[in-house]
Amino acid sequence: GENVEQHPSTLSVQEGDSAVIKCTYSDSASNYFPWYKQELGKGPQLIIDIRSNVGEKKDQRIAVTLNKTAKHFSLHITETQPEDSAVYFCAASISFQKLVFGTGTRLLVSP
Amino acid sequence: DVKVTQSSRYLVKRTGEKVFLECVQDMDHENMFWYRQDPGLGLRLIYFSYDVKMKEKGDIPEGYSVSREKKERFSLILESASTNQTSMYLCASSLGSREAFFGQGTRLTVV
């Protein structure tokens, strides 16, 4: 089955810096790659996603890139703000129904 | 807005008890999921359902069962709770190939 690895497990940046979180997946049939943000005491919430027919997608300060050949995808957050502090999860899916998640990255943005 | 509601935020149960975790969604989604979240392990899929009375095992179904008698409700059952089932449980729902929406989670402690 699919396996998703996520790095780093923790990431500390200064406000205004960029943050990059990387994930690799094992099943080349995976075709949907969402990123979720989980704030303290809440369930994960989708922040951006990308499908396998697209190499890059951007939404304001957030971007995701996908390299199908290398089977990895990354989340890029520019101009980080304290409210970006949270746990971020990547995921991969073959059928859009069954998501396989990475182990999470705790991002801390210091003022 | 889609709302996924889990019946309890916190639960404390005794070893050997039968435990029911309830989840309700209000957007007529056909897919519903139960995940377990543990530190360092990310979110792991326990069971999912793509239609009423239909269910499929996820990656860690042992010790759990599910019930989906109505489209909006998906229940997770711990037949005989054990201490290693102490965890955060997250319910999610989705419509076709669209994003999954998560509930706020139920933190279960088995003593």
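Residues numbered from 1 in each chain as written. Chains lettered and ligands numbered in written order. Predicted model: local features only at pLDDT ≥ 70, side-chain atom pairs only at ≥ 80, totals over all residues. Heavy atoms only, no water.

Chemist: What exactly am I supposed to notice about the interface of chain A and chain B here?
Modeler: Reports often express the size of an interface as the amount of accessible area lost when the parts come together. With 17 residues of chain A in contact, the opposing surface of chain B contributes 21 residues. Each partner contributes to the roughly 1600 Å² buried at the junction of chain A and chain B, and carbon and sulfur atoms together form 54% of this total. Sorting the residues of chain A by area buried against chain B places A:Gln97, A:Lys98 and A:Phe101 first, and these three jointly supply 34% of that buried surface. Counting across the chain A and chain B interface gives 1 salt bridge. For A:Lys98, the salt bridge identified is with B:Asp59, shortest N-O distance 3.8 Å. Scanning the region where chain A abuts chain B turns up 4 residue pairs in polar contact (both at pLDDT 80 or more). (Contact = heavy atoms within 4.5 Å. Buried area = accessible area lost by both parts, 1.4 Å probe. Salt bridge = Lys/Arg side-chain N within 4 Å of Asp/Glu carboxyl O. Polar contact = N/O pair within 3.5 Å; in protein donor to acceptor, adjacent residues only side chain to side chain.)

Chemist: So what exactly am I meant to see when it comes to the packing of aromatic side chains here?
Modeler: Two aromatic rings are characterised by how far apart their centres lie and by the angle between their planes. If you walk through the whole model with that rule in mind, you get 13 aromatic pairs over all chains. Relative to B:Phe102, the ring of B:Tyr35 lies with its centre 5.8 Å away and its plane at 45°, an arrangement referred to as tilted. With a gap of 67 residues between them, B:Tyr35 in strand β4 (residues 31-38) and B:Phe102 in strand β10 (residues 101-102) connect regions that are remote in the sequence. Take B:Tyr35 and B:Phe102: they sit in the same class, and that class is buried. Aromatic rings pair up to connect A:Tyr36, A:Phe89, A:Phe101, B:Phe33, B:Tyr35, B:Phe48 and B:Phe102 into one cluster. (Phe/Tyr/Trp six-rings, centres within 6.5 Å; stacked < 30°, edge-to-face > 60°. Helix = DSSP H or I, 4+ residues; strand = E, 2+ residues; numbered from the N terminus. Buried < 20%, exposed > 50% of the residue type's maximum accessible area, 1.4 Å probe, protein only.)

Chemist: What should I look at first to understand the state of the cysteines in this one?
Modeler: Linking two cysteines covalently through their sulfur atoms gives a disulfide. Counted according to the given criterion, the structure contains 2 disulfides over all chains. What pairs with A:Cys23 in a disulfide is A:Cys90, and their sulfur atoms sit 1.9 Å apart. Since a negative S-S torsion denotes a left-handed disulfide, the A:Cys23-A:Cys90 link at about -100° is left-handed. Note that A:Cys23 is positioned in strand β3 (residues 19-25) and A:Cys90 in strand β9 (residues 86-93), a separation of 67 residues in sequence. Each disulfide pairs two cysteine sulfurs, and for B:Cys23 the partner residue is B:Cys91, the sulfurs being separated by 1.9 Å. On the sign convention where negative means left-handed, the S-S torsion of about -75° between B:Cys23 and B:Cys91 marks this disulfide as left-handed. Here B:Cys23, found in strand β3 (residues 19-25), pairs with B:Cys91, found in strand β9 (residues 87-94); they are 68 residues apart in sequence, far enough to count as distant. The same class applies to B:Cys23 and to B:Cys91, which are both buried. (Disulfide = S-S within 2.5 Å.)

Chemist: What should I look at first to understand unusual backbone geometry in this one?
Modeler: At the junction of A:His7 and A:Pro8, the peptide bond is cis and its omega measures out at -5° in the coordinates. Within the secondary structure, A:Pro8 sits in the loop between β1 (4-7) and β2 (10-14). The phi dihedral of A:Gln60 is positive, around 55°, even though this residue is not glycine. Overall, A:Gln60 belongs to the exposed group, its relative accessible area being 72%. Not every positive phi belongs to a glycine, and B:Lys53 is a case in point at roughly 65°.

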